[in-house]
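One-letter residues, chain by chain:
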Amino acid sequence: MAGLDRVQVLDIFRQEAAELLQTLSDGLLRLEDAGRDPAVVQELFRAAHTMKGSAAMMELTTISQVAHRMEDILGEVQGEQVAVTGPLVTLLLEGVDTIQEALAGDESGLEPYKARLAAFDPGAPPADAPTAPPKPRAPRAESRDTGERLQTIRVDTTKLNGLINGVGELIISKNILQEAMVNLEQIQRELEQLTFLFGSSTVRLEREVAHQAATIGEAAGEALRQVHHKVEEEILPVRGELDRLATGLAAAIGTVTGQGDVLAKHTLELKNLVTQVRMIPVTAVFDRVPRIIRDAAAAEAKEVRLVRTGQQTEIDRGVAEKVFDPLLHIIRNAVSHGIEPPEVRRAAGKEEVGEVRLSARTECGRVVIEVSDDGAGIDTARIRDKALASGVVSEADAADYSERDWLQMIFRPSFSTAREVTAVSGRGVGMDVVKSAIEALKGQVEVHTDHGHGTTITLSLPSSLDIAQAMRIRAGGQELIFLMDSLETAQGGRSGDVVIAKEGRFLTLGERMVPLCRLDGLLHLPQQWSTGWLDRPILVLRVLDRAVAILVDEIVDHEEIFVKPPHPVVQALPLYAGATLLGDGRVRPILSAGHLLDLVGGQGSDGKCRLTPIVPLDEVAARLAGGVLLVAGCDALLPPGWLSLLAERGVQVLTVDEAEALASIVAIGKGALLLARPRVAQEISEGVAGVTVCVVCNQGETPPPGTTHWVTPPIDTTVLDECLLDLLSAG
C-alpha cells in the first residue's frame, strides 16, 4: 500500500481499532465484575486477536506485538492459568490507553508498556501494583434497555455534515420559493384587479363615444367615430391581452405552487431521513463512562456503582461527539466531590458503595441527560462562605441570593470549594468549561442538590444542531426567532391572568405562576405602552424546570429553518444562539431561551402566597419620593386627575410649557422624571445627563432615537402607572 491508498486504508483501520479498543475497555470492566466469565473472556480474546492481525497488516509492528501479548494473557485467563484481579485488569486497561495514544500519534508509551507486558508474571501481581488483595467490587447494574444490533456502515462524518448542510440550503431555497410564490399570488391579484378596471373603463369609454357620435353634428360625429374605431382596434385588443396574461399567470402560479408543494414534501422527507442518519443511540456516549468511573474511583480510593438507563435514546452525532468532555467533568466531580469515602458513608448510615446514575430521555424535542449521585450533596453554605471570603460576592448582594444563585457559583471560572487538590478535582477547572461547552451546543445545564443525599446535574441538548422548527416574532420593531423546542405554549394576552407584585409581573398558568416580561424591555428595545398592552401574544418559554412568559408585539410565522452558527462578533453575545436566512433573503437572529431565563432570574414564585401585591400608582409615588415629576407641555394628553392623585401621595409635580422644560430640568438637577413630547424629550436627553424620560406621543408620532419608554393614546391611568413603574424599576 502506498500513497493515497494507504492513507485511506489507515483511516479505516483507525475506525475499526477504535471500536475494538472500546470493546476491550467495556469487556475488561465486565470481567472485573463478573470474574472469569467465559463469554466475556472469549469476546476480549477475539478483540485482541483482531487488533493484532489488523495492526500487523497495516505494518504497525509494535502495536501488533502489544496486542499479541494481551491476547496471550487473555488466553491464560481463559485457560485458568491466570486469576482475574484488579491489578491485572488495570494492566490490560493501560494497554488499551497506550494503543489509543499510539494511534493518535504518541507512540512513546509503546515500548515501555511492551516491556511491562513481557515481564508480567502470571503467578504474582505486577511489580507496581498493591500487594494487598483488592476489595470486592459491587456488581454494576445492567442497562434497563434492550435492543438488537443495527446493520450499519461507516460514513465519513465530513460527508455526513456536508449532506446535512446541503439539506439545510435546500430548506432555505424552499423557503425562498414559498416566499416568491406568495409575492406572485399578490401580483396575480393586482393584475386581475387592473384587468377588470381597464376593461370596465374601456367599455364605458366605448359606450360614451358611441352615444356622443349619435347626438352631435356630422363633422364632430365623424371624429368621434374615428375615436371609436381606434378604441375597437387598439384598446380592446389590449384588454384581451391582459385577460390572456392574467389567465396564463394564474396557470403558471398554479403549476409552480403545485411543484413547490411537491418540493416541500420531498425536502421534508429528505430532511427527516438525513436527520435520522445523524442520530445514534446515546449508548455511544454512555459506553465510555464505566472506565471513567473506575479510574476516578480508584484515584479516590472509593467504591462506586454505575446505573445506566435510557441508553436507546437517540442523540445527534454532532452533539454526541461534543457532549462527552463536559460529561467527563461532571462524572469525575460526582465521584470526587459527591460520593463520600466508604468510612464516611458507613458513619452516615449509607451503603459503602456509592452510586452514580446516568440517564437519558427525550423531552419536548430535546435530549435530556442527567447525572445523579447519592453522595453528600453540595453545601451551599460553604459556597457562600468561599464566595464572600474571595470577594466574588459582596455582603449586600448575598442577602438577595437564592439557593439556585449560590449553586450557579460552581460554574464560575477558578471557583472550587475542594479542601485539597487531587488527581481528579480541586483545581477550580471543569464546571465553567462544562457550562461553556453545553451552551456552545445551544444547550442548558441545571444543578439540584439535597445536602447529605446527593446531587443531580441535568443537561438539556438540542435534537439537531442544524435544522429546527422555529417561530418568528416581532418585538420593539425587530423581527426575531425562537426555536420551538424551548416553547411550552403560546397564547393571547389576558390582563386578568397577570399579577403585579414587588417581585415583578407574573402570569398565572393554572396552578403555577411564572415571571412575565416584555421581550422589547429585556432586549433594551423601545417600549410602546398603550391601553390594552397586555392583550398582545405571550410565549411561555421553558428550559428544564425553569419557565418565563414573554410578551411580544406579534407572532409572524412558524416555519422550519436552517440554523447557522453565530458570527464570531455575535458569539460574545450569549443572548443569540445563531441566525437563519429567511425566504425574503433577510438574516434574522435566533434568541437563546436559556439566557433569557437567566436575565429574568429563575423561575420565580410558584404561588400567590409568596408574592407581595402592589398598587402601581402607590409604587410609582413611593419611587418618586424625594424627586420631582416634571410634565412639559403634555398635561392635556394625560388622564384627567392623574397628576392630582400623585400630588395627594406626596409627589412633587411641576407642570411647565415646552419652552420652559430645559431650564426647569437644569434647575431641578438629578432625580427628576420627565414626561414630554418627542421634540422636547430629544432636546433634553441630548443636552442633560441623568434624566429619566418618558415620551408622550400623539397617534402616528414616533419617539426620538434612544427612547426606552413611550406612551400613545388612548392613555389611561393603568397603562401610565405600569409604564412609569417599569421605567423606574429599570433605572
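Quick notes on the rules
Residues numbered from 1 in each chain as written. Predicted model: local features only at pLDDT ≥ 70, side-chain atom pairs only at ≥ 80, totals over all residues. Heavy atoms only, no water. Helix = DSSP H or I, 4+ residues; strand = E, 2+ residues; numbered from the N terminus. Buried < 20%, exposed > 50% of the residue type's maximum accessible area, 1.4 Å probe, protein only. Salt bridge = Lys/Arg side-chain N within 4 Å of Asp/Glu carboxyl O. Arc of directions from axis to C-beta. Expected span 1.5 Å × (residues − 1). Pairing = 2+ DSSP bridges. Axes fitted to C-alpha atoms, helices over the stretch in contact; angles between N-to-C directions. Contact = heavy atoms within 4.5 Å. Parallel < 35°, antiparallel > 145°, perpendicular 65-115°, else oblique. Left-handed = near helix turned anticlockwise from the far one by under 90°. Nonpolar A, V, L, I, M, F, W, Y, C, P; charged D, E, K, R; others polar. Core = buried A, V, L, I, M, F, W, Y, C linked by side-chain atoms within 4.5 Å. Patch = residues over 30% accessible without salt bridge, like charges linked within 9 Å, V, L, I, M, F, W, Y side chains within 5 Å. Areas by Shrake-Rupley, 256 points an atom, 1.4 Å probe, with all protein chains shown as cover. Polar contact = N/O pair within 3.5 Å; in protein donor to acceptor, adjacent residues only side chain to side chain.

**Structural notes on unusual backbone geometry**
In this structure, the amide linkage connecting Pro-713 to the following residue, Pro-714, adopts the cis form with an omega of -5°. In this fold, Pro-714 is placed in the loop between strand E24 (709-711) and helix H23 (717-730). For Glu-59, which is not a glycine, the phi torsion comes out positive at approximately 65°. Checked against the element boundaries, Glu-59 lands in the loop between helix H2 (38-57) and helix H3 (61-78). The class for Glu-59 is exposed, based on a relative accessible area of 60%. Despite not being glycine, Leu-544 shows a phi value in the positive range, around 55°. Relative to the helices and strands, Leu-544 is located in the loop between strand E15 (537-543) and strand E16 (546-551).

**With respect to the pattern of salt bridges**
Once their charged atoms are close, side chains differing in charge can pair, the charge on each being opposite to the other. Counting across every chain of the model gives 39 salt bridges. Lys-502 is the salt-bridge partner of Glu-619, the closest N and O atoms lying 3.3 Å from each other. With Glu-619 in helix H19 (residues 616-623) and Lys-502 in the loop between strand E11 (498-501) and strand E12 (504-509), this pair connects stretches of sequence that are 117 residues apart. In this structure, a network of salt bridges that share partners links the residues Arg-361, Glu-363, Glu-370, Glu-488, Arg-512 and Arg-542.

**As for helix H5 (residues 110-118)**
Those residues of H5 that fall on the buried side of the exposure criterion are Leu-110, Tyr-113 and Leu-117. Buried residues in H5, looked at end-on, bunch into an arc of 70°, giving them a common side.

**Topic: H3**
For an α-helix, the turn length of 3.6 residues means that residues three or four places apart are oriented alike. In a regular helix each residue adds 1.5 Å, so 18 residues correspond to 26 Å; H3 covers 25 Å between its end C-alpha atoms and thus fits that length. Listed in full, the buried residues belonging to H3 are Ile-63, Ser-64, Val-66, Ala-67, Arg-69, Met-70, Glu-71, Ile-73, Leu-74, Glu-76 and Val-77. Phi for Glu-80, located one or two positions after H3, is positive at around 65°.

**Overview of the sheet that holds strand E13 (residues 512-518)**
Strand order in the open sheet formed by six strands is E10-E15-E16-E13-E12-E11, with mixed pairing between adjacent strands. Strands at the two margins of the open sheet, each flanked by one partner only, are strand E10 (487-492) and E11. The mean inter-strand angle of the sheet, taken between neighbouring strand axes irrespective of direction, is 30°. In this sheet, E16 lies alongside E15 in antiparallel orientation, the contact comprising six bridges. Looking across to E16, one finds that Ile-538 is bridged to Leu-551. Packing against the sheet, helix H18 (residues 593-600) makes contact with E13, E15 and E16, and its axis sits at approximately 90° to E16.

**A few points about the packing of helix H21 (residues 661-668) against helix H22 (residues 678-687)**
It is at 10 Å that the axes of H21 and H22 come closest, and there the two elements cross at 40°. When the axes of H21 and H22 are compared, the pair comes out oblique. Pair H21 / H22 crosses with right-handed handedness. Along its contact with H21, which presents Ala-661, Leu-662 and Ile-665, the element H22 presents Val-680, Glu-683 and Ile-684. The residue makeup of the contact of H21 with H22, split by class, is five nonpolar, no polar and one charged.

**Comments concerning the nonpolar core**
Of all hydrophobic cores here, the largest spans 51 residues; its most connected members are Ile-315, Leu-327, Ile-369 and Leu-459. Among the elements that take part in this core, helix H10 (residues 317-338) stands out by supplying ten residues, more than any other. If we skip the residues at most four places from it in the chain, Ile-369 touches Val-282, Phe-286, Ile-315, Leu-327, Leu-358, Ser-359, Ala-360, Ile-457, Thr-458, Leu-459 and Leu-461.

**Some words on a nonpolar patch on the surface**
On the surface, a cluster of nonpolar side chains totalling about 240 Å² of accessible area is made up of Leu-270, Leu-273 and Val-277. Note on placement: Leu-270 falls in helix H7 (residues 218-278). Given the relative accessible area of 34%, Leu-270 is considered partly exposed.

**Looking at the side chain of Arg-518**
Looking at where Arg-518 falls in the secondary structure, it is placed in strand E13. A relative accessible area of 8% means that Arg-518 is categorised as buried. A polar contact of 3.1 Å, which involves the side chain of Arg-518, links it to the backbone oxygen of Gln-528.

**Here's the deal with the pairing of E13**
A large share of E13 lies buried, amounting to five of its seven residues. Across four bridges, E12 lies against E13 in antiparallel orientation. From the neighbouring strand, Thr-508 faces E13, where its bridge partner is Met-513. Linking E12 back to E13 in an antiparallel pair, the connection comprises two residues, with Gly-510 at a positive phi of about 65°.

These results come straight from atomic positions and should not be treated as a statement about function.
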